[in-house]
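# Structural overview for review
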There are 2 protein chains.
Amino acid sequence: MSVRTGGGGEVRNTRQRRAVSQALASLEDFISTQDLHALLRERGESVSLATTYRILQSMSELGELDVLRGGDGEAIYRRCAAEHHHHHLVCRRCGAAVELEAPTVEEWAGRTAAAHGFTEVDHTIEITGLCAACSARRADG
Amino acid sequence: MSVRTGGGGEVRNTRQRRAVSQALASLEDFISTQDLHALLRERGESVSLATTYRILQSMSELGELDVLRGGDGEAIYRRCAAEHHHHHLVCRRCGAAVELEAPTVEEWAGRTAAAHGFTEVDHTIEITGLCAACSARRADG
DNA sequence: TTCACTGCAAATGCTTTGCAGCGCC
DNA sequence: GGCGCTGCAAAGCATTTGCAGTGAA
């Protein structure tokens, strides 16, 4: 018999949690746990890798973060934005990212899923390529 | 010496490769490498786990298979029914998958990327939800 | 015959977990 | 003061890889 502690989840405001939160707040795009951990170390915030994993996991469970899977299965997180859903165009060489609005695609996704009888639909769209700068660099040689 | 040594692809028709092919042909939906390996063992086809990984990887590189990432980052495969690029609508409960054509989205992705100066564009679109059957089951239950 | 393919097992790399001490509430 | 949180390091998993023998072409 479990006793529900008031409110459902006590989350303590620790230095580590604050560091992770702030780091995420300063980022525009998705980042992997490993990279975030490296970033924290660069900034002089000492948070162990295990704790980074635990905090990120905890935050995503609380709905404070968006979780995605990188191409190689790595979990990547982003501060849960925002008011509205959008996607990204990412340079696979330098990592530059552009935020995209895709009303047409959103609509298509919903419509298509509904047409197949699906409910509670969610979607992920990622576009990768070489940004203008990297394309030029490559063309130059 | 082979006529085309370039890049690739002499693929020998081995017992193991045939076993994997046939197993995939008998499946409707996505399956993980581990599960496929277990299935092969059940059927009495002895193919080592490492080889299962190698064959699946090889087949997906040749475009004979669709690859997806399960919720926990596991790679899951399915025989590729369509010949050209397409996307999937996957039930997050039972794993049922529907292949989608998305000319509009493809076009949008290309156009948008180009507008931002991106080249060599690639994209990933995944739509998840509850399929009709699972939706009904939930409504009933 | 040749060389890709296999099996085996050790190695990787990401993520999780047991345990003891620390700090937030 | 209690107990969740941390750090550390070892464990756990899926996946990859080195090596030598096997079999397809």
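Predicted, not measured: the structure shown is a model, and the values here were computed from it.

Basis of the calculations
- Residues numbered from 1 in each chain as written.
- Chains lettered and ligands numbered in written order.
- Predicted model: local features only at pLDDT ≥ 70, side-chain atom pairs only at ≥ 80, totals over all residues.
- Heavy atoms only, no water.
- Least-squares fit on C-alpha atoms with pLDDT ≥ 70 in both.
- Contact = heavy atoms within 4.5 Å.
- Near = heavy atom within 4 Å.
- Polar contact = N/O pair within 3.5 Å; in protein donor to acceptor, adjacent residues only side chain to side chain.
- Helix = DSSP H or I, 4+ residues; strand = E, 2+ residues; numbered from the N terminus.
- Core = buried A, V, L, I, M, F, W, Y, C linked by side-chain atoms within 4.5 Å.
- Buried < 20%, exposed > 50% of the residue type's maximum accessible area, 1.4 Å probe, protein only.
- Nonpolar A, V, L, I, M, F, W, Y, C, P; charged D, E, K, R; others polar.
- UniProt positions renumbered as here; feature names shortened; annotations may be inferred.
- Pairing = 2+ DSSP bridges.
- Axes fitted to C-alpha atoms, helices over the stretch in contact; angles between N-to-C directions.
- Buried area = accessible area lost by both parts, 1.4 Å probe.
- Salt bridge = Lys/Arg side-chain N within 4 Å of Asp/Glu carboxyl O.

Here the two chain copies are tied together by a rotation about an axis and a shift along that axis. When chain B is fitted to chain A, the best match, at an RMSD of 2.1 Å, comes from turning it 176° and sliding it 0.5 Å along the axis. Such a turn and shift between the copies fits a two-fold axis. It is B:Ile125 whose C-alpha, among those of chain B, lies nearest the rotation axis, at 1.8 Å. Of the residues that chain B buries at the interface, 100% are likewise interface residues in chain A, meaning the two copies contact each other through the same surface.

It is worth spelling out the protein's contact with DNA strand D at this point. Around DNA strand D, a shell composed of 24 residues is seen, among which A:Thr14, A:Gln16, A:Thr51, B:Arg12 and B:Tyr53 lie nearest. Counting only atoms of DNA strand D within 4 Å of the protein, the fraction found in sugar and phosphate groups is 61%. Taking B:Arg12, its side chain carries an N or O atom lying 2.6 Å from a base nitrogen of DNA strand D. At 3.5 Å, a backbone N or O of B:Asn13 approaches a phosphate oxygen of DNA strand D. Where the surface near DNA strand D is concerned, the elements lending two or more residues are α1 (15-25) and α3 (49-61) of chain A together with α3 (49-61) of chain B. Of all the elements, α3(B) adds the most residues to the surface near DNA strand D, at five residues.

Burial of nonpolar side chains together is a common tendency in soluble globular proteins. Judged by nonpolar contacts, the single largest core of 28 residues is most densely connected at A:Val105, A:Trp108, A:Ile127, B:Val105, B:Trp108 and B:Ile127. Contributions of two or more residues to this core are made by β4 (87-91), α4 (103-115) and β6 (119-130) of chain A together with β4 (87-91), α4 (103-115) and β6 (119-130) of chain B. If we skip the residues at most four places from it in the chain, B:Val105 touches A:Val105, A:Trp108 and B:Ile125. Membership of the second largest hydrophobic core comes to 16 residues, among which are A:Ile31, A:Leu36, A:Val47 and A:Met59.

So, on to the protein's contact with DNA strand C. DNA strand C sits among 24 residues. The nearest are A:Arg12, A:Tyr53, A:Gln57, B:Thr14 and B:Thr51. In the interface set of DNA strand C, defined as its atoms within 4 Å of the protein, sugar plus phosphate atoms amount to 61%. A distance of 3.3 Å is found between a phosphate oxygen of DNA strand C and a backbone nitrogen or oxygen belonging to A:Asn13. When residues of the surface near DNA strand C are traced back to their parent elements, those giving at least two are α3 of chain A together with α1 (15-25) and α3 of chain B. No other element matches the five residues that α3(A) contributes to the surface near DNA strand C. By residue class, the composition of the surface near DNA strand C is eight nonpolar, eight polar and eight charged.

As a further point, take the UniProt feature "binding site: Zn(2+)" (unreviewed entry) in chain A. Residue and element names in this part refer to chain A. Residues annotated by UniProt as "binding site: Zn(2+)" (unreviewed entry) correspond here to Cys91, Cys94, Cys131 and Cys134. In this fold, Cys91 is placed in strand β4. Residue classification places Cys91 among the buried positions, given a relative accessible area of 2%.

Further remarks concern the sheet that holds strand β1 (residues 31-32) of chain B. All names here are of chain B. Read across the sheet, three strands follow the order β1-β3-β2 without closing on themselves; strand pairing throughout is antiparallel. Each edge of the open sheet is held by one strand with a lone partner, namely β1 and β2 (65-69). One ladder, built from two bridges, connects β1 with strand β3 (residues 75-79); its direction is antiparallel. Opposite Ser32, over in β3, you have Ile76 as the bridge partner. Along the sheet, α3 contacts β2 and β3; its crossing angle with β2, the most-contacted strand, is approximately 110°.

The strand order across the open sheet formed by six strands is β5(A)-β4(A)-β6(A)-β6(B)-β4(B)-β5(B), and the pairing between neighbours is mixed. Because the sheet does not close on itself, it has two edges, and the strands there are β5 (97-100) of chain A together with β5 (97-100) of chain B. Taken pair by pair, the neighbouring strands of this sheet meet at an average axis angle of 20°, ignoring direction. Summarising the sheet, β4(A) and β5(A) pair through four bridges and their orientation is antiparallel. In the strand pairing of β5(A), A:His88 is matched with A:Glu99.

On to the interface of chain B and chain A, then. Across the contact, 38 residues belong to chain B and 38 residues belong to chain A. Carbon and sulfur atoms make up 64% of the surface buried where chain B meets chain A, a total of about 2900 Å² over both sides. Our count for the chain B to chain A interface comes out at zero salt bridges. Taken together, the links from chain B to chain A amount to six residue pairs in polar contact (both at pLDDT 80 or more). Those elements that provide at least two residues to the side of chain B that touches chain A are β4, β5, α4, β6 and α5 (132-140) of chain B. With 12 residues, β6(B) is the single largest residue contributor to the side of chain B that touches chain A. In terms of residue class, the side of chain B that touches chain A is made up of 18 nonpolar, 12 polar and eight charged. Bridge analysis of β6(A) against β6(B) gives nine bridges, and the strand direction is antiparallel. Bridged to A:His123 within β6(B) is B:Ile127.

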